[in-house]
Each structure stands twice: as C-alpha cells, then as structure tokens.
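Residue-level structural notes
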Amino acid sequence: MSNGEDKSLYILIMDMGISILASLFSVLLVRFLMNPIYGFQTFLLIWLGCSGISSFLGFMIMGTHKIVIRYSTLRSLGRIATSVVLKTVILFPVVYFMHLHSSYSLRLLCVIDFLMTLAMLIIVRIFMIVIYEDMNKNMGRDVDRLRVVVLGIGEKSISLVSRLANSPHYMVIGFLTQEDKDGQVIFSKKVFTCRTNEEIARLRKDIGIEGVILPSTINTSDLGEGVLEAFVDNGIHVLTAPQISEISYNGFTQHEIHAISRKDDFIPDGMTPFERIFKRVSDCFLSGLLLIIFSPLFLICYLAIKFEDGGPAIFSQERIGRFGRPFMIYKFRSMRTDAEKMGPALYSGDNDARLTKVGRFIRAHHLDELPQLWNVFIGDMAFIGYRPERQFYIDQIVEHDPRYFYLYQIRPGVTSYATLKNGYTDTIEKMIRRLELDLYYLRNRSLWFDMKILLQTFLSIVFGKKF
C-alpha cells in the first residue's frame, strides 16, 4: 500500500469514527429531549450500525477520504457536507422500516444527527489543517528538530551553520557571542550577544533556544566564568559540533557520544509525518473525551484517597519526556506520603509495604494512571510511547546503554509495548531489557502497531493481567 493510500485509509477510519460518535451523541440528546425511546438499547445498536454503513457509503461515493489535508478548501468541505447528506438520506428509510417510532422523533433525530456529524467532521478537519500549517510554518518546533544557536562568529562557526542548514535534527536560529554584535546578521542568521545569566535566561524565554553548539575550535576555558553552567541552569543543552546523523545528546561528553555510535546506528522514528499528526490529533480528541466520561470515576478515586489518610489525592513527579525536557506526570497517590523519605525507590509489586489500602486497589486496576489523561491532552505524553523515567534512573540506564536518548524523539506514553512484554521494572536489569523493547517500538512504530498495543493493554486490564 502506497503512502497516499495509507493517508486515505486513515482519513476514512477517522471520519467514520467521528460520524458514528456524532450519531451516538444525537440519539442520547433526542432521548433526553423527547419521551423515553422504547427498546432503547436495540434501537441504539440499529442506529449506530446503520450510521456506520451509511457513513461508509457516503464517504466512498464522495471520495472525501482522498482529500489530502493541505488541499482541504471550501470546495472539499462542501464534498464533506454532501457525504453527510448522503449518510442521512440512506440512514432514515433503513431505520424507519427496521424499527417503528413516531416519524416526528425520527425526523428530529436525523436533523440533529446531520448537524452534529457535519459540525464534528469540519471542526476536526480544520483542526488538522491548522496543525499541518503550523508545523510547516514553524519548522523550528518540528518534532524532529532542536532549536539551537552556534557559539562564536568565527570561520568555523559560520562553516558549522552552513553544514547544519539542511539538518533533520537541528534548527539553527543564529550565532551567540560575548562581543558587542547584537542584531548583526551573518549568513542570514542573527547574532545574539549574551554575557550574563540574566541575558541567557531572556534568550531562552524570548527565542525558545533549546541548545547551544560549540564548534571544535572553541576553547571552553576562554569563555567567561560560569557561562557553560549558566546554559545548563537555564535548561539549554550544551552540545559539541555534531557529526552527520547525530541528534541532541543532552550535553554528553565526547566519550559517551562515541559509546553510542559504537553501540548502534542512529535509530529513526518509524512513523511518517502524517502519522505523527494523526496520532497527536487522535490522542488529544480521545483524552478529552475520556476526561469527561471518567469524571465521576475521578471524583470517586479522589474522595477515597482523601478519606483514607487525609493526604493529597494527586501525586505529581518530574519525569523526562520528548527532547529530554522535564515535565510533571500526574497520578492518583497509591502510597504513603512519606514513601520516598529515604530517597528514590522503585515500586516492587503488590507486596510493597508503602502501598495504602486504597492505593493497592487502584494500582491493581490501573486506576492510578487516570490523571495521565491530562498529560496526554496537553501534549506531555501520548497514549502509546515509552514509559517516562526520572533523571535519577536515566543516569543509571545510560551508564549501561546510552541509546536511551534516541527515545527523546517521541512523546512518552501512558502504556507501551515494553510494559506489555516486560511488566513493571523494579531493577536496573529490567530497565535495560525494557530499553531494548522501547527501541524496537521506536524503529517499528506505526498507527497499526499503536492500535494493537492499545487493544492488548485494554484486554490485559479487563482480564486482570498484572503488568
């Protein structure tokens, strides 16, 4: 199957899912507004089944699934509207003859279904267009590139900028110098003057610089006292001049970079740019929906934890995510408030003495992970990825296998391929084994692979499998 056919299939699946979801919301709304629908469950199944079939026929007839995102215009939106009309025209007589209801209720339901389906399809399509255009206009924030400045304005620095012009891993914003050259332009790149910690912090905030690259000719001893420390303190990675196919290694020494290159070739993300857009839109939409659906369950878990020991119900902890950036992960607290008074400690299973009574239950049923839906919604995480770790344990993993930093290309996940295969990691040895599985996922990930992992995770939870 070609790349274009892949896109068409994904768009068709997405549109059908939205259409069926709109039909579900429509039935629930009509049931709320009108008198109770007799045989509601049977009617709902018939309506949703016919909605799926009629949606498929409407989309196939109009060919809306063949509309590539960047060519989505008013004309293409008109084709989407026509396909929804076809869905309604096919849907009404089928349901009318299969199930007897007042024609008034059915007419109202068809009108609401049409309006809700059309609105949801257009909103999601426009949302995808906006994301697509934003990614093309702001390549510096693309998932594959790191915003950097090159230190110095000498010949080697200019040569380095030229060499990085087409790099898939770096977006060079300009030059950084301690000389009074602020605002000058060299090789179409602006020169920034930074001498103090405050100026570095301002550059990080205003320009969004994520890394500073040191050419091989730069002698770090010639820099002002504490300059490199100031970069690190402000969350700016200090990188040596990269070789071909390198990525950001979060300020590693040359010895560690050689260790990586000896261990394995660079492992690229297996997903296409379109799949990454589709995955992010799907994650955002699904997590938002689940936050609403599970809100009563959130309240129950919150009150149960609060009533047990009076401590905070939500537990937050700094983890390292995409691009090596720290973020706060959220969970329902399952352990005592002083669980790590002796320092970081890994969860050791159901017999962990630090678990509370409520905590043991929510851990066993994976309810403690529910708040991570918020992490997915705001973009810190995805549903499927690798499990994010604390810097304390990452440092230990890297001593054994520096390839961990290849994972920084993608968002960490609520669940992962490695979690299904390797379970909880309560030792460094298991972490190393988990890394191998995470790297396998990175190289081979696709929307289909993600769907299989999500289904296996769901089945594991339903049948009580421990992982």
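This one's a predicted model, so the numbers in the text were calculated from it and none came from an experiment.

Our focus in this paragraph is the pattern of salt bridges. Scanning the entire structure with this criterion turns up ten salt bridges. Where Lys-87 meets Asp-113, a salt bridge forms, and the shortest distance between an N and an O atom there is 2.9 Å. Residue Lys-87 is found in helix H3 (residues 74–98), and its partner Asp-113 is found in helix H4 (residues 103–137); the two are separated by 26 residues along the sequence. Among the residues examined, Lys-87 registers a relative accessible area of 2% and is labelled buried. A residue is classified by how much of its surface remains accessible, and Asp-113, at 1% relative accessible area, is buried. Arg-363 is the partner of Asp-368 in a salt bridge, and the nearest nitrogen-oxygen pair spans 3.8 Å.

The next thing to look at is the side chain of Ser-19. Mapped onto the secondary structure, Ser-19 falls in helix H1 (residues 3–33). A polar side-chain atom of Ser-19 sits 2.8 Å from a polar atom in the side chain of Lys-87. Once residues within four sequence positions are removed from consideration, Ser-19 is found in contact with Ser-51, Ser-55, Phe-59, Lys-87 and Thr-117.

Before going further, it helps to examine the environment of Ala-382. Mapped onto the secondary structure, Ala-382 falls in strand S9 (residues 382–385). What Ala-382 contacts, discounting residues up to four positions off in sequence, is Lys-279, Asp-283, Val-376, Arg-411, Pro-412, Gly-413 and Val-414.

Both S9 and strand S10 (residues 413–416) contribute to a ladder of three bridges, which runs parallel. Counterpart to Ala-382 in the pairing with S10 is Gly-413. Handedness of the crossover joining S9 and S10 through helix H13 (residues 391–400) is recorded here as right-handed.

Definitions and limits used
- Residues numbered from 1 in each chain as written.
- Predicted model: local features only at pLDDT ≥ 70, side-chain atom pairs only at ≥ 80, totals over all residues.
- Heavy atoms only, no water.
- Salt bridge = Lys/Arg side-chain N within 4 Å of Asp/Glu carboxyl O.
- Helix = DSSP H or I, 4+ residues; strand = E, 2+ residues; numbered from the N terminus.
- Buried < 20%, exposed > 50% of the residue type's maximum accessible area, 1.4 Å probe, protein only.
- Polar contact = N/O pair within 3.5 Å; in protein donor to acceptor, adjacent residues only side chain to side chain.
- Contact = heavy atoms within 4.5 Å.
- Pairing = 2+ DSSP bridges.
- Right-handed = clockwise from strand over helix to strand, strands pointing away.

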